[in-house]
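# Structural overview
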Amino acid sequence: MSSNTDTLVSNSAAPASAGAAPSRPHFLSGVRWGDYLGVAPFLVFAALFLIVPTLYLVVGAFVAKDGSFTLQNIVDLGTPQIVSSFWISIRISAASAVLGSVFGLLIALAIIRGKLPPAIRSTVMTFSGVASNFAGIPLAFAFLSTLGRLGLVTVILKTVFGFDMYRAGFNILSFWGLTLTYCYFQIPLMILIIAPAIDGLKKEWNEAAATLGASPWQFWRYIGMPILWPNLLGTISLLFANAFGAIATAYALTGSSLNIVPIVLYAQIRGDVLNNPGLGAALALGMIVITAVTNVIYLVIRTRAERWLK
Amino acid sequence: MKHAKLWSWIIFGLGAAYFLVPLLATVQFSLSIRRDTLSLDAYTNVLQAPAFQNTFGYSLIVGIATIIVGLLIVVPAAYFVRLRAPQLRPIIEFVTLLPLIIPPIILVFGYIRMYNSSSPLPLTNSVVGTNILLTLAYVALALPYMYRAVDTGLRTIDVQTLTEAANILGANTLTILMRVIFPNIIVAVLSGAFLTLAIVIGEFTIASLLNRPAFGVYMQNVGANRAYEPAALAVISFVITWGAMGMIQLLARFAPRTAARTD
Amino acid sequence: MTKEFLRIENLVKTFNGNTVVKGVDLSFNQGEFITLLGPSGCGKTTILRMVAGFERPTSGTILVEGKDISPLPPNQRKVGMVFQAYALFPNMNVEDNVGFGLKIAGVGNEETRARDEETLKLIDLPGYGKRFPFEMSGGQQQRVALARAVAPKPRMLLLDEPLSALDAKIRVSLRQEIRAIQRELGITTMFVTHDQEEALSISDRIVVMSAGRVEQFGTPFEVYNKPTTKFVAGFVGTLNTLTAKVADAATKTVTIDGQRATVPALPTSAKTGDVVNLTMRPEAVSLANGHARDIVLEGTVAEVNFLGSVIRLKVNLGAGTAIELDTFNDQRMPPPLHDEKVQVTLSGSDILVLGD
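What you see is a predicted model; the values in this text were computed from it and never measured.

### A closer look at the overall build of chain C
- Regarding its fold elements, chain C presents eight helices and 19 strands.
- Expressed as lengths along the three principal axes of its C-alpha atoms, the size of chain C is roughly 75 × 50 × 40 Å.
- Looking at the 356 residues of chain C, the share that counts as buried comes to 36%.
- Taking as baseline every contact in chain C between residues at least 6 positions apart, the subset at least 24 positions apart corresponds to 65%.

### Here's the deal with the overall build of chain B
- A tally of helices and strands in chain B yields 12 helices and zero strands.
- Tracing chain B from N to C terminus, the helices and strands come up as α-α-α-α-α-α-α-α-α-α-α-α.
- Taken along its principal axes, the extent of the C-alpha atoms in chain B is 75 × 70 × 30 Å.
- Per-residue burial over chain B gives 46% buried out of 263 residues.
- Considering only intrachain contacts with a sequence separation of at least 6, the fraction spanning at least 24 residues in chain B is 75%.

### Here's the deal with the sheet that holds strand β13 (residues 259-262) of chain C
Residues and elements named next belong to chain C.
- Here we have four strands laid out as an open sheet, ordered β13-β12-β11-β14, and antiparallel in their pairing. Single-partner strands in this sheet number two, and they are β13 and β14 (275-280). On average, each strand axis in the sheet is inclined to that of its neighbour by 45°, with strand direction left out of account.
- One ladder, built from three bridges, connects strand β11 (residues 240-248) with strand β12 (residues 253-256); its direction is antiparallel. When the bridges of β12 are listed, lysine 245 appears paired with threonine 255.

### Overview of the domain arrangement of chain B
Residues and elements named next belong to chain B.
- Taken domain by domain, chain B holds domain 1 (1-31) and domain 2 (42-252).
- For domain 1 versus domain 2, the separation of C-alpha centres amounts to 33 Å.
- Counting from both sides, the interface comprises five residues of domain 1 and, opposite them, eight residues of domain 2.
- Here the side of domain 1 that touches domain 2 is built from residues that sort into three nonpolar, two polar and no charged.

### Side note on the packing of helix α2 (residues 94-104) of chain C against helix α4 (residues 138-150) of chain C
All names here are of chain C.
- At their nearest, the axes of α2 and α4 sit 6 Å apart, and the two run at 30° to each other. Classified by the angle between their axes, α2 and α4 sit roughly parallel to one another. Every residue of α4 that contacts α2 at Val94, Asn97, Val98, Phe100 and Gly101 is listed here: Val144, Ala147 and Arg148.
- In terms of residue class, the contact of α2 with α4 is built from five nonpolar, two polar and one charged.

### Concerning the interface of chain A and chain B
- Counting residues at the interface gives 66 residues for chain A, matched by 69 residues for chain B.
- Examining the composition of the side of chain A that touches chain B, we find that 15 residues originate from one element, helix α3 (residues 33-60) of chain A, more than from any other.
- Looking at the side of chain A that touches chain B residue by residue, the classes come out as 43 nonpolar, 19 polar and four charged.

### Examining α2 of chain C
Residues and elements named next belong to chain C.
- Taken together, the buried positions of α2 are occupied by Val94, Asn97, Val98, Gly99, Phe100, Gly101 and Leu102.
- If you follow the buried residues of α2, they end up packed against α3 (109-122) and α4.
- Glycine 106 lies just past α2 and shows a positive phi near 85°.

### Focus: the nonpolar core
- Membership of the largest hydrophobic core comes to 255 residues, with the highest contact counts inside it found for Leu265 and Ala284 of chain A, Ala137 and Val150 of chain B together with Leu158 of chain C.
- No other element matches helix α6 (residues 127-156) of chain B, which puts 16 residues into this core.
- Excluding residues within four positions of it along the chain, valine 150 of chain B makes contact with Val74, Val75, Ala78, Ile185, Ala188, Val189 and Gly192 of chain B.

### Digging into the packing of helix α2 (residues 41-48) of chain B against helix α12 (residues 229-253) of chain B
Residue and element names in this part refer to chain B.
- Where α2 meets α12, the closest approach of the two axes is 8 Å, and the angle between their N-to-C directions is 75°. The orientation of α2 relative to α12 falls into the category roughly perpendicular. Touching Ala42, Tyr43, Asn45 and Val46 of α2 are Glu229, Ala231, Ala232 and Leu233, all from α12.
- Residues of the contact of α2 with α12, tallied by class, amount to six nonpolar, one polar and one charged.

### Thoughts on helix α5 (residues 168-185) of chain C
All names here are of chain C.
- Its 18 residues place the ends of α5 26 Å apart at the C-alpha level, agreeing with the 26 Å of an ideal helix rising 1.5 Å per residue.
- Buried within α5 are the following residues: Leu174, Arg175, Ile178, Ile181 and Gln182. Each buried residue of α5 lies within a common arc of 130° when the element is viewed along its axis, so the set occupies one face. In α5, the exposed positions angled more than 90 degrees off the buried face are occupied by Lys169, Ser173, Gln176, Ala180 and Glu184.
- Immediately beyond the C-terminal end of α5, within one or two residues, lies glycine 186, with a positive phi of roughly 65°.

### Remarks on the pairing of strand β8 (residues 188-193) of chain C
Residues and elements named next belong to chain C.
- Within β8, six of the six residues are buried, leaving the element largely enclosed by the surrounding structure.
- By the alternation rule, side chains of β8 split into Thr188, Met190 and Val192 and Thr189, Phe191 and Thr193, which are all buried.
- Note that strand β3 (residues 33-37) and β8 share five bridges and pair parallel. Along β8, the bridge assignment pairs leucine 36 with valine 192.
- Here strand β7 (residues 156-160) runs beside β8; their pairing, made up of five bridges, is parallel.

### A word on the interface of chain C and chain A
- Each side of the interface is counted separately: chain C has 19 residues, and chain A has 18 residues.
- Going through the elements one at a time, β6 (79-82) and α2 of chain C are the ones with two or more residues in the side of chain C that touches chain A.

### Remarks on the sheet that holds β8 of chain C
Residue and element names in this part refer to chain C.
- If you trace the six strands from one edge of the open sheet to the other, you get β6-β7-β8-β3-β9-β10, paired in mixed fashion. Sheet topology places β6 and β10 (213-218) at the edges, where each strand pairs with a single neighbour. Each neighbouring strand pair of the sheet contributes to a mean axis angle of 15°, computed without reference to strand direction.
- Packed on one face of the sheet, α4 meets β6 and β7 and runs near 170° to β6.

### Quick notes on the environment of phenylalanine 141 of chain A
- Within the secondary structure layout, phenylalanine 141 of chain A lies in helix α7 (residues 137-147).
- The spatial distance from the C-alpha of phenylalanine 141 of chain A to the C-alpha of proline 277 of chain A is 33 Å, given a sequence separation of 136 residues.

### Comments concerning the arrangement of the chains
- The top pair by number of contacts, from a total of two pairs of chains in contact, is chains A and B.
- For chain B and chain C, which are not in contact, the least C-alpha distance works out to 10 Å.

### Things to note about the environment of glycine 177 of chain A
All names here are of chain A.
- One can find glycine 177 in helix α9 (residues 175-199).
- C-alpha of glycine 177 to C-alpha of valine 264: the two residues are 87 residues apart in sequence and 19 Å apart in space.
- Aside from chain neighbours lying at most four places away, what touches glycine 177 is Leu147, Asn171 and Ile172.

### Some remarks on the confidence of the model for chain C
- For chain C, mean pLDDT is 88; residues scoring 70 or higher make up 98% of the total.
- Taken over the whole predicted complex, pTM reads 0.78, whereas the ipTM for its chain interfaces reads 0.84.

### Some thoughts on unusual backbone geometry
- Its identity as a non-glycine residue notwithstanding, asparagine 211 of chain B has a phi of 60°, on the positive side.
- Among the secondary structure elements, asparagine 211 of chain B is positioned in the loop between α10 (205-209) and α11 (215-225).
- For asparagine 211 of chain B, a count of 13 C-beta atoms within 10 Å puts it in the partly exposed group.
- Despite not being glycine, tyrosine 86 of chain C shows a phi value in the positive range, around 60°.
- As for its placement among the helices and strands, tyrosine 86 of chain C is situated in the loop between β6 and α2.

### Focus: the environment of glycine 129 of chain A
- Along the chain, glycine 129 of chain A falls in helix α6 (residues 118-131).
- Looking at glycine 129 of chain A, the number of C-beta atoms within 10 Å reads 17, which means it is partly exposed.
- Residues glycine 129 of chain A and leucine 192 of chain A, 63 residues apart in the sequence, show an inter-C-alpha distance of 7.1 Å.
- Among all residues touching glycine 129 of chain A, those that are not within four sequence positions of it are Leu192 of chain A together with Met245 of chain B.

Rules and cut-offs
- Residues numbered from 1 in each chain as written.
- Chains lettered and ligands numbered in written order.
- Predicted model: local features only at pLDDT ≥ 70, side-chain atom pairs only at ≥ 80, totals over all residues.
- Helix = DSSP H or I, 4+ residues; strand = E, 2+ residues; numbered from the N terminus.
- Buried ≥ 20, exposed ≤ 12 C-beta atoms within 10 Å, placed from the backbone.
- Contact = placed C-beta atoms within 7 Å.
- Pairing = 2+ DSSP bridges.
- Axes fitted to C-alpha atoms, helices over the stretch in contact; angles between N-to-C directions.
- Domains from an automatic or database assignment.
- Nonpolar A, V, L, I, M, F, W, Y, C, P; charged D, E, K, R; others polar.
- Parallel < 35°, antiparallel > 145°, perpendicular 65-115°, else oblique.
- Core = buried A, V, L, I, M, F, W, Y, C linked by C-beta atoms within 7 Å.
- Expected span 1.5 Å × (residues − 1).
- Arc of directions from axis to C-beta.
- pLDDT = per-residue confidence, 0-100.

Below you can see the structure in the form of structure tokens.
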């Protein structure tokens, strides 16, 4: 709606320039150049400090040590060390995305359709808004305080229940420890994103299904889940991207014992441990490709799902 | 149908445990520096450390600089897109998506490559230059949130009508922006500002790779060397983040809005 | 021949201390089309939802074909329901929506498809099977919703204000279609609406409700021409109310703004000097023009509303009393002019004697 009223304003601003010469209407017609001035700082900033640096890196992936064009860096990504770091990253991102999605969905369903007091829903939503930004050093410290060797839960399990987690093989400084920690911001993100979709499941659909003889389970199987499914997939994709690019938490928790791609990249930037600046850029390229693709999947799925529900 | 309620409570309970226990554990850990009693020693150690005060102050200043620069960039852009150049909206929205797609580590890597000593804008060569680079990196990180906050604020106050009214009364664009628009979106702006502050204070990756003495770097250092102080830092960090979010919620109640046109 | 299908006995529903349905008794016969008519909040939708099973009665019984259905959950009651908001499943096309009830009942694919086509023909949307809800208009969606409700051959059909979300023209045509389909299927139907024109035009009988109680239960003719309470008279159709003073209770003479008239009946408690309300329909009143009936009153034309086939006139009878009358358009005789002096006449037997 705003575009209607806004174009009215910009169209009425057009006559000054339209009086010049009749020209074919093109994308930028009807806009005074003065208007661009206001948006210019934004666009200049975006170009200089968002787009170009990234492109610079992308291009740098194709540059050899002597400055010539090469695909060698990309090929070098195939070394076992690099491949294994990508593989670990993919596994952690996938694990935390799936776990985060499943539990996030369950919690969202519980607070929205579970007939709990309404105050619970607003509390959980507010908390999720904050917790989804919790990723980082403090989160690692928090989980160390909880499940580390001297952590509260570890100690309670040992003293009260006689169960020594660490002797049984658990270690917070591990793949699953990091995944568990990542869930702390993945689950709230899932809750925030899926809540509107669950709200969109109209009560009348439940009632219509019931009058047609369907049990609650049949409702979910034929109507509820099919409608939520695209949103779910899309959000898993988003959570994957979110985890893939994260580094601070991993750095503080598992350090370089878990060689996820951002950690390798970090070490490379810090001290050229790979002995090959081009390779660093190639690593970055690999990361960007993965996060870009997964984000695009999320956006595409979301737009298509919204069309259904008009 | 009764089963649904029981399961809901169970799931909620498990979720609450997963999210609250680490917070409680952190607080408890932070108070356990002395073997047999609870004490605030970890906190006093941390708060009195000069490194804490320096890095926290540093991050605070950088945060404020980020907010100011961010606003200077975002507010005019949001205003003009809404009012005069709606066809630029898709481009702007695409730009605000970029920081969410590009991981911060990639961003800072790109900066280091592009603005090092062999580039036309050798920002990394000087401390001041690097500080500027850090601030700009944070502006990039906060861009999506700031833009969304300001854009929502503009939409709520029906910027179009206010501008026309001020125009008819003789004001030029700059005056309108400064004396009519900005005061009315202060609440939305402050929301974006608090969010930015929360992001900046705890940030680690960019500050560390640019070698700046930021609070996030300090926290990581403490974590590597001490046992109980990190928990105290984590608690302080949580309190700050929650405080910032609390302010945003509070501000939401004071947001001005005009009736009539909604879009 | 007419068998009782649905019986509601002393139905009461209270929400949080607020009693929305205050003891309702109703009886529907097999194949009847009954409308629950009333303003918002009168309890009509609540009754429908209790019959469907979405609300539990606080007390009272609902018997379908002699059996109490209260212990049954909604998905076992075999009722079809059509909602105001269509509620078509957005992830399924028309065919799958319509066949949903059959699928749940375990009917095979072949037979489902056949019955789908049959039902689509019934609602006049043949060949629409593969369309999705978001590709169709409101009227089309509601027809599909109707098809979906009747496809599993339920024993009763419930419609909750199904036309309220549609454009005026579609409302009129669709209500006729609904009635035609119901006749063809012979299914007992409960229709809820606040639109009295809708109710009058398609129902076998109407339950007029107000504030949780049944005001009147009768055929459209009865409800319109012989309203038993002031509420029914005012809610269904337009009503004229004239304030009159009893001149002589014995001879049943009253004065209306100074003019004398004799009425067929007065409320039993009326005494000479009392003020009474006389009510009558606009079409019962006409311009005298030489054809005077029992009661003749003088007045001036205050408003002329030319509505096409009907002309609605408002005539001032004196200071403060006005009467509305409807006459058919006559091509040979133009309507009276504003401020023209006219005589209006009506039959005493057209005056409605109402309880409160």
